[in-house]
Amino acid sequence: MDTDSIITKGESESVIVVNDDVNGPPVIQEFFSKLNINIEKNRWTCCCNICSLSVTDTYKTTSNFLKHIKTKHRLAFDEWKDSTNNKRQQLLTNSLIRNLIINMSLPLSTVDNESFMNFMLDVDPKYKMINRRDITRSFLPIMYKKCIKKLQDICNRSKYVSLTLDIWSDRRMRSYFGITLHTIIDDQYKTYVLSFERLKGKHSGDKLAAEFDRVIQMYNLKDKLVRIVTDNASNNQAAFDNLVLPGFEEYFNDIDDDQSERETSDEDSDNNELYENSQLQAEEVDDDIYGTTLNTPAEQEFLRLPCFSHCLQLVVNDGIKAAGGALSSLKKVADLAKLAHTSTSFAERLEEQKYSIPLANRTRWNSQFQTVKKVISIPSFILNSILTDLKKNNLILNTKDRKILEDFVSLFELFNEATVLTQGEFYATVSLVAPTILGILFDLEREHASSNLSLVSVCEALLSSLKARFSGLLRHFEIDVPFAFYSMSERFSDPIFLIAPLLDARFKLLWLDNLQFAIKLRVIETIYSTFVRFFSKSNFSVSQPEGADESNVAEQDITDMMTKHVDPTTKRKCLFPYLNDTKKISFDDKSKVLVELDAFLSERSNENNLLFLKKNLYPSLYELSLKYLSVPATSAPIERIFSKSGFIMRPHRASLTSKN
């Protein structure tokens, strides 16, 4: 509190004069000014703002001030009191709706519950309880409009955005089209739910396009959209909705999962034919549904990218199908895990040794993987001793079982890590895709070359599936892949998967070290060429970064890079081409941006957001990172919204209308 106090000392009293901005009682702040405090007499005096009469009272009491306002200025007092009560009423009502009804997903009928009413009387006896009709007819629509306005402001502040989208059905089989927005604002990764609208009837392309176009127009995203991330073939979730490890089938027979709603609708089943493990099919998927009103990327790029996590789980599924040799050992693990949650004696004996076995989940394969990993981490002598005492000798893991399980964990370890890392929301994830695939591929090849690998068939299945499902990406590294490919696999050829790691200080070009030297040089040349092409399409100028040394980049190398790679994109016919002609960057600009890139690659720091921290030093790279690092690697964000929606539409509130 900023106050200017004047202290006057006399023979018998000390007076402190406090300016009007004193943080005093509300009645004084509202109606009085010129506050004087007499310390020795323990009195304070104020001047009424309405009638200018001086009022005195005992220090820190306000009864005389209130009496004066009530008797002399009753109308003003009543208006002020009503206003104060309304503010308190509004505060509690908004908090109740926002925190209890919305954030905690309590039923609307909570406000009609007698116990809750009694609770609110304890909170504030003067509070007038609202009813559920007021919530649905007044408060929710007002909050919704405010939320839309805030989202529009966020979109206006965002220079580049990417979207994830999918369709979900609730318990009553009502379908919704969900869209999440991903952007970088103030150098922070941001994620927002942009739309969650009801879809009626069959989910035709025209209907999806119309809803998509409505959202794009509402938030003015037409010229800001970088990429859209969806699951593999519009809806291909069923391939891994119930991805169960061999031997775990019986484990789930008597266990109820807290499983969220199905994320696809039965109405789409004719568009969701699952691909058989051995059947590689080429299916062309275009961007016409979502790209009719947008400026789609160049020929080598795709507006719509597949969900990396979905594709990776399909590879896991292919490997699991070949894991028959591990069936017996995995069944023992499943039985041990089930015993840990059905037998008090077994659970207590494990707890005494400071061990536990986590509960596996049918809808998340890596939860089952973690169960396997946890079981084999329990020392043999401890586990076998407990099982022997409980007369469960049939569940003892012998040496062969442990070898098989250790190999199983080793083969799927990186898949588990990738599944977790690439679903983050507060850091760049698209930059993880290419390094992850190369890392897993080389690891599987090392495992396959091992002479003592017990699950060779699983390793071969994983390698084959990885090369097929990510063939578009692996061709960049001159790796032999099947001629035919799965749906959407070609979209991993999008150069964003090469540029994103370059802009991420965690990777730069380090992730290419395991390639053969000659291949690595060719890949780096491709990345540099793609980088310049991406830069040339961006509408920002290049300034010489401070501290950059132009001598670090040989002029002849730059010239070679510019001439060897020419953008093959064919321009469409146009009646007035000169009106749309964009200014091409000069040779000097190309040199400067490559000097900037070379300086960045020489940085020793590997901080995740290095380009954000040094944006003044690397302005061009910073601009590209804002655009391309905002793209999520997976459609996990929209699926999290579906999981939250499933919690809201739980059985005892299934009558909630789709509008609410």
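Since we're looking at a predicted model, the values are computed, not measured.

Enquirer: Sorry if this is basic, but what is going on with the overall build of the protein chain here?
Expert: Helices and strands together make up the secondary structure of the protein chain, namely 25 helices and 10 strands. Considering the protein chain as a whole, with its 660 residues, one finds that 48% of them fall into the buried category. The long-range share in the protein chain, meaning contacts at least 24 apart out of those at least 6 apart in sequence, stands at 67%. Total accessible area computed for the protein chain in this model is approximately 33800 Å², and 50% of it derives from carbon and sulfur atoms.

Enquirer: Could you clarify how one ought to interpret the packing of helix α18 (residues 496–503) against helix α19 (residues 517–537) in this entry?
Expert: For any two helices packed against each other, the geometry comes down to the angle between their axes and how far apart the axes lie. The interhelical angle for the contact between α18 and α19, taken along N-to-C directions, is 90°, at an axis separation of 10 Å. Here α18 lies roughly perpendicular to α19, going by the angle between them. Where α18 approaches α19, its residues Ile-496, Leu-498, Ile-499 and Leu-502 are matched on the opposing element by Thr-526, Ile-527, Thr-530, Phe-531 and Phe-534. Taken together, the residues of the contact of α18 with α19 sort by class into 7 nonpolar, 2 polar and no charged.

Enquirer: Which parts of the structure should I look at to understand the packing of aromatic side chains?
Expert: Within this structure, the stated rule accounts for 17 aromatic pairs. Ring centres 6.1 Å apart and planes at 50° place the aromatic pair Phe-412 and Phe-415 in the tilted group. With Phe-412 and Phe-415 both in helix α14 (residues 399–421), this residue pair falls 3 residues apart, about one helical turn. Judged by relative accessible area, Phe-412 falls into the buried class, the value being 0%.

Enquirer: Got a minute to help me understand the sheet that holds strand β10 (residues 304–306) in this structure?
Expert: Strand pairs in the sheet, formed through backbone hydrogen bonds, run parallel or antiparallel to each other. Overall, mixed pairing links the 5 strands, which are arranged β8-β7-β6-β9-β10 in an open sheet. The two strands at the open ends of the sheet, each matched to only one other strand, are β8 (188–199) and β10. If you compare each strand with its neighbour and ignore which way they point, the axes differ by 25° on average.

Enquirer: What should I look at first to understand α14 in this one?
Expert: Each turn of an α-helix holds 3.6 residues, which means side chains three or four residues apart point in the same direction. The terminal C-alpha atoms of α14 lie 33 Å apart, and with 23 residues this matches the ideal 33 Å at 1.5 Å per residue to within 8%. Maximum bend of α14: about 45°, positioned at Phe-412.

Enquirer: Explain the pairing of strand β6 (residues 161–169) to me, please; I cannot follow it from the model alone.
Expert: Every other side chain in a regular strand lies on the same face of the sheet, so the side chains alternate between the two faces. A large share of β6 lies buried, amounting to 9 of its 9 residues. The alternating pattern of β6 places Val-161, Leu-163, Leu-165, Ile-167 and Ser-169 on one face and Ser-162, Thr-164, Asp-166 and Trp-168 on the opposite face, and all of these are buried. Pairing between β6 and strand β7 (residues 175–185): 9 bridges, direction antiparallel. Note that in β7 the partner of Ser-169 across the bridge is Ser-175.

Enquirer: How should unusual backbone geometry be read in this particular structure?
Expert: Most of the time, phi is negative for any residue but glycine, and the peptide bond is trans. A positive phi is found at Lys-60, a non-glycine position, where the angle reads about 75°. With respect to the helices and strands, the residue Lys-60 is situated in the loop between β5 (54–58) and α2 (63–72). Of the residues examined, Lys-60 reaches a relative accessible area of 64% and is grouped as exposed. Although it is not a glycine, Asp-187 sits at a positive phi angle of roughly 65°. Within the secondary structure, Asp-187 sits in the loop between β7 and β8. Classification of Asp-187 as buried rests on a relative accessible area of 14%.

Enquirer: Any chance you could explain the pattern of salt bridges here in plain terms?
Expert: Oppositely charged side chains can pair when the atoms bearing their charge come close. One pass over the structure, following the stated rule, counts 23 salt bridges. Of the charged contacts, one joins Arg-349 and Asp-389 as a salt bridge, the two residues approaching to 2.9 Å between their closest N and O atoms. In this pair, Arg-349 sits in helix α11 (residues 344–352) while Asp-389 sits in helix α13 (residues 380–389), placing the two residues 40 residues apart along the sequence. With a relative accessible area of 25%, Arg-349 lands in the partly exposed category. On the basis of relative accessible area, Asp-389 is assigned to the partly exposed category, the value being 48%. Via salt bridges that share partners, Arg-227, Glu-301, Asp-494 and Arg-533 belong to a single interconnected network.

Enquirer: Is there a simple way to explain the environment of Ile-167 in this structure?
Expert: On the secondary structure map, Ile-167 appears in strand β6. Linking Ile-167 and Gly-178, residues 11 residues apart in sequence, is a C-alpha distance of 6.1 Å.

Enquirer: Help me understand the environment of Ser-457 in this model?
Expert: Position of Ser-457 among the secondary structure elements: in helix α16 (residues 456–469). What makes Ser-457 partly exposed here is its relative accessible area of 41%. Along the chain, Ser-457 and Lys-321 lie 136 residues apart, while their C-alpha atoms are 9.9 Å from each other. Among the polar contacts listed, one links the side chain of Ser-457 to the backbone oxygen of Ala-322, at a separation of 3.2 Å.

Enquirer: Explain the pairing of β5 to me, please; I cannot follow it from the model alone.
Expert: Pairing between strand β4 (residues 43–48) and β5: 5 bridges, direction antiparallel. Across the sheet, the residue bridging to Arg-43 is Thr-58, located in β5. The turn joining β4 and β5, which pair antiparallel and follow one another in sequence, is formed by 5 residues; a positive phi near 65° is taken by Ser-52.

Enquirer: Help me understand the side chain of Ser-493 in this model?
Expert: Here Ser-493 shows up in the loop between α17 (471–474) and α18. From its side chain, Ser-493 meets the backbone oxygen of Glu-490 in a polar contact 2.6 Å long. With near-sequence residues (within four places) excluded, Ser-493 lies in contact with Phe-302, Gly-472, Leu-473 and His-476.

Enquirer: Help me understand the confidence of the model for the protein chain, please; the structure alone is not making it clear to me.
Expert: Keep in mind that low pLDDT regions are not for reading the predicted coordinates in detail. Averaged over every residue, the pLDDT of the protein chain is 79; the share at 70 or more is 76%. Scored below 50 in pLDDT, residues 234–241 makes 27 contacts in the model with residues more than four places away or belonging to other chains. Here residues 257–285 is modelled with pLDDT under 50, and outside its nearest four sequence neighbours on either side it reaches 69 contacts, counting other chains as well.

Enquirer: How do you make sense of the packing of helix α12 (residues 365–377) against α14 when you look at a structure like this?
Expert: Remark: α12 packs on α14, axes separated minimally by 9 Å, with the N-to-C direction vectors making an angle of 140°. Of the possible angle classes, the one that applies to α12 and α14 is oblique. α14 is crossed by α12, and the crossing has left-handed handedness. Taken together, the residues of α14 that come into contact with α12 (itself represented by Trp-365, Asn-366, Phe-369, Gln-370, Val-372, Lys-373, Val-375 and Ile-376) are Arg-402, Leu-405, Glu-406, Phe-408, Val-409, Phe-412, Glu-413, Phe-415, Asn-416, Thr-419 and Val-420. Class assignment of the residues belonging to the contact of α12 with α14 gives a composition of 11 nonpolar, 4 polar and 4 charged.

Enquirer: Looking at this model, I keep getting lost on the environment of Ile-440. Mind explaining?
Expert: Among the structural elements, Ile-440 can be located in helix α15 (residues 433–449). Taking relative accessible area as the criterion, Ile-440 reaches 2% and is therefore assigned buried. Ile-440 sits 22 residues away from Leu-462 along the chain, and the two C-alpha atoms are 9.7 Å apart.

Enquirer: Where do I start with the nonpolar core in this structure?
Expert: What tends to happen in soluble globular proteins is that the nonpolar side chains get buried as a cluster. Formed by 116 residues in total, the largest nonpolar core has its most connected members in Phe-248, Phe-346, Phe-412, Phe-415, Phe-477, Leu-512 and Phe-531. Look past the residues within four positions of Phe-412 in its chain and what remains in contact with it is Val-316, Gly-319, Ile-320, Trp-365, Phe-369, Val-458 and Leu-462. Among the nonpolar cores identified, the runner-up in size contains 21 residues, and Cys-155, Leu-194, Phe-212 and Leu-221 belong to it.

Parameters at a glance
- Residues numbered from 1 in each chain as written.
- Predicted model: local features only at pLDDT ≥ 70, side-chain atom pairs only at ≥ 80, totals over all residues.
- Heavy atoms only, no water.
- Helix = DSSP H or I, 4+ residues; strand = E, 2+ residues; numbered from the N terminus.
- Buried < 20%, exposed > 50% of the residue type's maximum accessible area, 1.4 Å probe, protein only.
- Contact = heavy atoms within 4.5 Å.
- Areas by Shrake-Rupley, 256 points an atom, 1.4 Å probe, with all protein chains shown as cover.
- Axes fitted to C-alpha atoms, helices over the stretch in contact; angles between N-to-C directions.
- Parallel < 35°, antiparallel > 145°, perpendicular 65-115°, else oblique.
- Nonpolar A, V, L, I, M, F, W, Y, C, P; charged D, E, K, R; others polar.
- Phe/Tyr/Trp six-rings, centres within 6.5 Å; stacked < 30°, edge-to-face > 60°.
- Pairing = 2+ DSSP bridges.
- Expected span 1.5 Å × (residues − 1).
- Bend = angle between axes of the 7 residues up to and from the residue.
- Salt bridge = Lys/Arg side-chain N within 4 Å of Asp/Glu carboxyl O.
- Polar contact = N/O pair within 3.5 Å; in protein donor to acceptor, adjacent residues only side chain to side chain.
- pLDDT = per-residue confidence, 0-100.
- Left-handed = near helix turned anticlockwise from the far one by under 90°.
- Core = buried A, V, L, I, M, F, W, Y, C linked by side-chain atoms within 4.5 Å.

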